[in-house]
Structure formats: structure tokens, C-alpha cells
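Breakdown of the fold
Take a look at the letters that make up each chain.
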Amino acid sequence: MTFAPLCRSLRHARAAGWLAAACASMTLLSAGAHAERLAFVLNSADASVSEYDIDTHQEIRRIPVLREPHHTAPTPDGKYLLVGDTSGNMLFFLDAQTGARVKSIPIADPYQLQFSPDGKFFTVAGLARNQVDIYDASDFQLLHRIHVDAMPSHMNYAPDSSVVYVSLQDSGKLTAIETATGKVLWTTDVGSTPAGVLWHNDQILVGVMGTDYVAVVDPATGHLDRKIEMAPGPHNLFISPDHKQLYVTCRVSGIIERLDWNTLNVVQSYRVPGGPDDIVFAPDGKMWATLRWRQHVAIIDPVGGTITETIRTGRSPHGIWLNTNQPSLHLSMADRPVLPTP
């Protein structure tokens, strides 16, 4: 139904002011309903979050933040999408369904952020401050601050939420931290410039950008069990919605590698120029990948391996999330219980 013609006619009727207001409200509600399937893209160098209609691929609006947003985390109840503004030391809450900015709270250096699988803990990797902070997820009170060496980058939890594993980008290490106590259980060398971390089949996988492989680590001991060769610059790791494939974004080489779920062997390579970084999966099965160096999101057919479309973003697009994915499939969903949706 179109309300605009009726509303225009009502403007000429002095006694119909309340009806005109009602029509305006209905128009806004109609637009809001159209925008419920949203994609959120964090423009790190533009201090903004772009919101797109998933179906039309049109940018709806840009929400300003303070300085440098990088990563997101949906709340366990699916109500909010949290956006970490790293150098702004602020955590923004966006309504996951409408995209509206609801509130913000001060958080030190929220570069990478994730809720534990059981929803009890909220962990922040402070890349610039060399610290890992573990919060109570119910009220965001700081429970533990762990000083590490150096540049904590990405993270993932054990399925039972007992341990969080954090890559230390500048020291070439991976560290395991007990979430309940903040105790460091072990720290191990995995190779130059580690980034993405993923729990998979009772193992920890780490994208090691500086030495072009994915490290396979024993989560109990920290022992490096295997190195899987990748295209140059393996950065982050993701799983397919059907839990049958793994994807590795090799940002330096502009390649996305698809791995077999069980063998971890590379079975397909996608050429995606522009620095592919983070991935999400749309309802139609397409991959959306942020291109850090091209100011675009690439939409990729994972079967044919072709880029079907690119969407313009702000500068240095990094984190991406679709509100049709509840909870997020990014990183922490591998082999863990699925949290309830609202």
C-alpha cells in the first residue's frame, strides 16, 4: 500500500492534521519493515557503520561512530549488534532489527570482541593496549584484565566456554586463558603474525599471515600439530552455514581458500582482489566479503567461485554482519551450542 498520495491530500485539510501525522507514521513503519533484512559493514577508516538492504544491496544509511570501528558481536539474545570503536574506547549498541543506534558504553580498546558460547562472558582483545579483558556479559563489569605480549588480535572459545584462545599478532603466539579466573593456561609459538582463531573438531585453527599457513594446535597443551599451506596472507577463518566447509580469507594475495571440513585440505580457491577480510553468508547462499583495500563488499557464488556483484562501502571496510544470521556464524559458532534467538 502507498500512503504518500493520501498524505499529500490531507495536508490541504486543516482538520486532518492527526490523520496526516498517522500517515507519516505509517510511511516510516513501512520503510522500517522493508529494511529489516540488514547487512552491517564497519568502515574502519571512515568512523562509520554502513547499513544495507540485504535484498536490494542498496545502502540505507551510515551511522557515525567516534574513530575506528573494526569488529562486531551480536548479543546472545539477538537484540543488539555491538560495534567496537577501538581508538574511541567505546562500545556501541545497534538495534539488530532496525539498525538504530541505541546506546553506548565506554570500553577500553575494543578491537576484537566476542560473547562466550554460554552467554556468560564477554571478552575483548585490546590490540593497542596489549591486554585481554573478560567482562560479565550480563552487566559488562570487568572481571579480569590479562596483560599479554603483544597485540592480541582475534579469539575463539572452547565449546564449553571454559577457555578463550587469543592470537598475539606481534609476538607470533597463541595464548589460552581460563575465562572464569583469567589465568593463562599456556602460550605457544604458532608463526609470524597470527590472526584468526577457530575451534574446529577439537582443535584450534589459526591463520598465520606472515608464514602462509593455517596452524593446527592442540587446545589442551598448545602443541602445534600441523601446518596447512595457504595462499599468501591467511588472515581469518569462517564456517559455512551447513557446517560442511571452512573458508580462509588470504588478505595479502586476494584469495579465499575453501577447506574440506574433515581433512582440512584446500579444495577450491576464489580470486577476490582487494584484500578479502571478513565473511558472512546471506540467505541465498552467497558469501559477502569485505575488501579492506577497495572500499567494497564482494558478493561471491561459493559454488561457481565467481564474484557476482560488488557493493560500494566506506574506507577500509572490516567487520560485517547480517541480521539474518542469528547468532553470528563468524568464528565462534564452530562446534558449539547454538544460542537461542529472540
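Relevant structure appears above.
Residues numbered from 1 in each chain as written. Predicted model: local features only at pLDDT ≥ 70, side-chain atom pairs only at ≥ 80, totals over all residues. Heavy atoms only, no water.

So, on to the overall build of the protein. When its secondary structure is counted, the protein shows two helices and 28 strands. In the protein, buried positions account for 57% of the 342 residues. Contacts in the protein between residues far apart in sequence, at least 24 positions, make up 40% of those at least 6 positions apart. (Helix = DSSP H or I, 4+ residues; strand = E, 2+ residues; numbered from the N terminus. Buried < 20%, exposed > 50% of the residue type's maximum accessible area, 1.4 Å probe, protein only. Contact = heavy atoms within 4.5 Å.)

The subject of this paragraph is the side chain of Ser-316. Its location among the elements puts Ser-316 in the loop between strand E27 (306-312) and strand E28 (317-322). Overall, the relative accessible area of 17% leaves Ser-316 in the buried class.

What follows is about unusual backbone geometry. Of note, the bond from Asp-149 into Ala-150 is cis; its omega dihedral lies within 30 degrees of zero at -10 degrees. You can see Ala-150 is positioned in the loop between strand E11 (141-147) and strand E12 (152-157). The phi angle at Thr-193 is positive, at roughly 60 degrees, despite the residue not being glycine. Considering the arrangement of structural elements, one finds Thr-193 in the loop between strand E15 (184-189) and strand E16 (194-200). Although it is not a glycine, Asp-202 adopts a positive phi angle of roughly 65 degrees. Within the secondary structure, Asp-202 is located in the loop between E16 and strand E17 (203-208).

Attention now moves to the side chain of Asp-278. Here Asp-278 shows up in strand E24 (residues 276-281). For Asp-278, which is buried and forms no salt bridge, the nearest opposite charge comes from Arg-292, at a distance of 7.1 Å. There is a polar contact of 3.0 Å between the side chain of Asp-278 and the side chain of Asn-236. (Lys, Arg positive; Asp, Glu negative; His and termini not counted. Salt bridge = Lys/Arg side-chain N within 4 Å of Asp/Glu carboxyl O. Polar contact = N/O pair within 3.5 Å; in protein donor to acceptor, adjacent residues only side chain to side chain.)

Take the pattern of salt bridges next. Pairs can form between side chains of opposite charge whenever their charged atoms are close. One pass over the full model with this rule turns up eight salt bridges. Here Arg-62 and Asp-46 are joined by a salt bridge, their closest N and O atoms 4.0 Å apart. In this pair, Arg-62 sits in strand E3 (residues 59-64) while Asp-46 sits in the loop between strand E1 (38-43) and strand E2 (48-53), placing the two residues 16 residues apart along the sequence. We classify Asp-46 as partly exposed; its relative accessible area is 28%. Its salt-bridge partner being Asp-46, residue Arg-315 comes within 2.5 Å of it at the nearest N-O pair. Taken together, the residues span a long stretch of sequence, with Arg-315 in the loop between E27 and E28 and Asp-46 in the loop between E1 and E2 at a distance of 269 residues. Since its relative accessible area comes to 43%, Arg-315 is described here as partly exposed. One salt-bridge network, held together by shared partners, links Asp-46, Glu-59, Arg-62 and Arg-315.

The next subject is the nonpolar core. Counting 16 residues, the largest nonpolar core has Leu-205, Val-214, Met-230, Leu-246 and Val-248 as the members making the most contacts within it. Contributing elements (two or more residues each) for this core: strand E18 (213-217), strand E20 (234-239), strand E21 (245-250) and strand E22 (255-260). Considering each element in turn, this core owes the most residues, three residues, to E21. Each residue touching Leu-205, except ones within four places of it in the same chain, is listed here: Gly-196, Val-197, Leu-198, His-200, Val-214, Ala-215, Val-216, Leu-237, Leu-246 and Leu-264. In terms of nonpolar packing, the next biggest core, distinct from the first, is built from 15 residues, Leu-174, Val-197, Ile-204 and Val-217 among them. (Core = buried A, V, L, I, M, F, W, Y, C linked by side-chain atoms within 4.5 Å.)

Here we come to the pairing of E22. Judged by how many residues are buried, E22 sits mostly within the fold: five of six residues are covered. Two strands pair when backbone bridges link them, and E21 and E22 are joined in this way by six bridges, in the antiparallel orientation. By the bridge assignment, Val-248 is partnered in E22 with Glu-257. From the end of E21 to the start of E22, which pair antiparallel, there are four residues, and Gly-254 there has a positive phi angle of about 70 degrees. Judged from the five bridges that link them, E22 and strand E23 (residues 266-271) form a sheet pairing that is antiparallel. (Pairing = 2+ DSSP bridges.)

A sheet is described by the order of its strands in space; here four strands give the open sequence E3-E2-E1-E28, paired in antiparallel fashion. Two strands close off the open sheet at either side, each with one partner strand: E3 and E28. Each adjacent strand pair in this sheet contributes to an overall mean axis angle of 20 degrees, direction not counted. Direction of pairing for E1 relative to E2: antiparallel, over a ladder of six bridges. Each bridged residue has a counterpart across the sheet, and for Val-41 the counterpart in E2 is Ser-50. (Axes fitted to C-alpha atoms, helices over the stretch in contact; angles between N-to-C directions.)

The subject of this paragraph is the pairing of strand E6 (residues 90-95). Of all six residues in E6, five are buried, a share of seventy percent or more. As defined by bridge partners, strand E5 (residues 80-85) adjoins E6 across six bridges and the pair is classed as antiparallel. Bridged to Tyr-80 within E6 is Asp-95. In this antiparallel pair of consecutive strands, E5 and E6, the connection spans four residues, and Asn-89 shows a positive phi of 50 degrees. Where E6 lies against strand E7 (residues 101-106), five bridges are found, and the strand directions are antiparallel. When the bridges of E7 are listed, Phe-93 appears paired with Lys-103. Connecting E6 to the antiparallel partner E7 that follows it, the hairpin turn spans five residues, and Gly-99 within it adopts a positive phi of roughly 85 degrees.

So yeah, pure geometry; function would need other evidence.
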